[in-house]
Amino acid sequence: MFDLFARVFGRDDASKEVAKDRLRLVLVQDRSSLSPQALEDLKNDLLKVISQYMEIDDQGFKVEFSRNENTTALVANIPIRNVKRKSL
Amino acid sequence: MGEAIVITSGKGGVGKTTTTANIGAGLAQAGHKVALIDADIGLRNLDVVMGLENRIVYDLVDVVEGFAKLKHALIKDKRFENLYLLPAAQTRDKTAVSPQQMIDLVDRMKQEFDYVLIDSPAGIEQGFKNAVAGADRALVVATPEVASVRDADRIIGLLEAQEKHNPFLIINRIRPSMVKKGDMMDIDDMIEILAIELLGVVPDDEAIVVSTNRGEPAVLNGQSRAGEAYRNITRRLLGENIPMMKLEEDTLFGKLRKMIGFKG
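Thresholds applied
- Residues numbered from 1 in each chain as written.
- Chains lettered and ligands numbered in written order.
- Predicted model: local features only at pLDDT ≥ 70, side-chain atom pairs only at ≥ 80, totals over all residues.
- Heavy atoms only, no water.
- Helix = DSSP H or I, 4+ residues; strand = E, 2+ residues; numbered from the N terminus.
- Axes fitted to C-alpha atoms, helices over the stretch in contact; angles between N-to-C directions.
- Parallel < 35°, antiparallel > 145°, perpendicular 65-115°, else oblique.
- Left-handed = near helix turned anticlockwise from the far one by under 90°.
- Contact = heavy atoms within 4.5 Å.
- Nonpolar A, V, L, I, M, F, W, Y, C, P; charged D, E, K, R; others polar.
- Salt bridge = Lys/Arg side-chain N within 4 Å of Asp/Glu carboxyl O.
- Buried < 20%, exposed > 50% of the residue type's maximum accessible area, 1.4 Å probe, protein only.

Trainee: Can you help me understand unusual backbone geometry in this one?
Mentor: When glycine is set aside, most residues are seen to have a negative phi, and most peptide bonds are trans. For B:Arg173, which is not a glycine, the phi torsion comes out positive at approximately 60 degrees. Following the sequence through the fold, B:Arg173 ends up in strand E7 (residues 168-174).

Trainee: Would you explain the packing of helix H2 (residues 15-32) of chain A against helix H7 (residues 146-161) of chain B in this entry?
Mentor: When two helices pack together, their arrangement is captured by the angle between the axes and the distance separating the axes. One can describe the packing of H2(A) onto H7(B) by two numbers: an axis separation of 10 Å at closest approach and a directional angle of 30 degrees. When the axis of H2(A) is compared with that of H7(B), the two are roughly parallel. When you trace H2(A) past H7(B), the crossing you get is right-handed. Residues A:Ala19, A:Leu23, A:Val26, A:Leu27, A:Asp30 and A:Arg31 of H2(A) form the contact with H7(B), whose participating residues are B:Val146, B:Val149, B:Arg150 and B:Asp153. A per-class count over the contact of H2(A) with H7(B) returns six nonpolar, no polar and four charged.

Trainee: I'm lost on the pattern of salt bridges in this one. Help?
Mentor: Pairing is possible between side chains of opposite charge, provided their charged atoms come close. Following the criterion strictly, the structure yields 21 salt bridges over all chains and no others. Salt-bridge contacts for B:Arg79 lead to B:Asp77; the nearest nitrogen and oxygen are separated by 2.7 Å. We classify B:Arg79 as partly exposed; its relative accessible area is 28%. Exposure remark for B:Asp77: the relative accessible area of 5% places this residue in the buried category. Through salt bridges with shared partners, one network takes in A:Lys16, A:Lys20, B:Asp186 and B:Asp189.

Trainee: Looking at this structure, I do not really get the environment of A:Ser51. What am I missing?
Mentor: All names here are of chain A. Within the element layout of this structure, Ser 51 appears in helix H3 (residues 36-51). A relative accessible area of 28% means that Ser 51 is categorised as partly exposed. Sequence separation between Ser 51 and Lys 84 is 33 residues; the distance between their C-alpha atoms is 9.2 Å. The contacts of Ser 51, once residues within four sequence positions are left out, are Ile 56 and Lys 84.

Trainee: Help me out: how do you make sense of the environment of A:Val28 in this one?
Mentor: Residue and element names in this part refer to chain A. As for its placement among the helices and strands, Val 28 is situated in helix H2. With 35 residues separating them along the chain, Val 28 and Val 63 place their C-alpha atoms 14 Å apart. Excluding anything up to four places from it in sequence, Val 28 contacts Phe 65 and Thr 72.

Structure representation (structure tokens):
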């Protein structure tokens, strides 16, 4: 019965949607030819640059690919501990 | 001067050899002079798929090394006067031939044939590089599965890097009933992800297994759906404008759903 229901209304959990989502993400990494090491380097470089302006919680600092709707983005989540006061 | 087309995929077992055999037979049936090259040195199979395994005397490596003449190594097909196979060596490996040697060989064959189809081995190493080296165009075969699509994407990137631009996609072994249930990627999904032009779609068809058992390309079988798909692919390759074949009749239910506007 559920199957019939699902077929009438179209399902978001259809396994092909899962396949597409997984493919899109993995292809971003494949295409950018960013190795996990390169991503780690990128993260460290970002950390260095941003640390010049503010104090970052480097434990919570995350860089990853994410997808929503039709775009793929490189998302950096950077928890700030403290913004440095600019000395005039 | 003929044209050389490589059939490749990255992943193994998605239908490169079957596709090569069927397009080759299709082009020969249309009256063109065609040569098939099995570039899978060490794991040759195009000979058995074509039903020509008993006629091999010399092979690709013999020709490249100057041990045999090209005309002596080429095997004439049983069904078509104008279809030939250059088999791979079975007791050597991919390093027995270099990309430059393949370019020279393919160029020579293009003088004599309208179409030279090159069946690439799986993988991205030297065998692939050899197969691609002499080709003017590339056909990428992929099945609607994550592993195959991922590898196809990688191959498309590598083809681009080798200056083989604008490859065509052949979607193989699609199962309409699974597509309908949402349990298999459909044509649009694959094109959207891979972003290359579609040459054709071949439905999963038991007739392919039967035709391979017999060594007779399915393209010659008027009853087979896959055979029909390969006939269409051949005609598109020749520049004809053939609409994609419908994979399944629309059911009343499907039509209704479309009318109401639910996604299918």
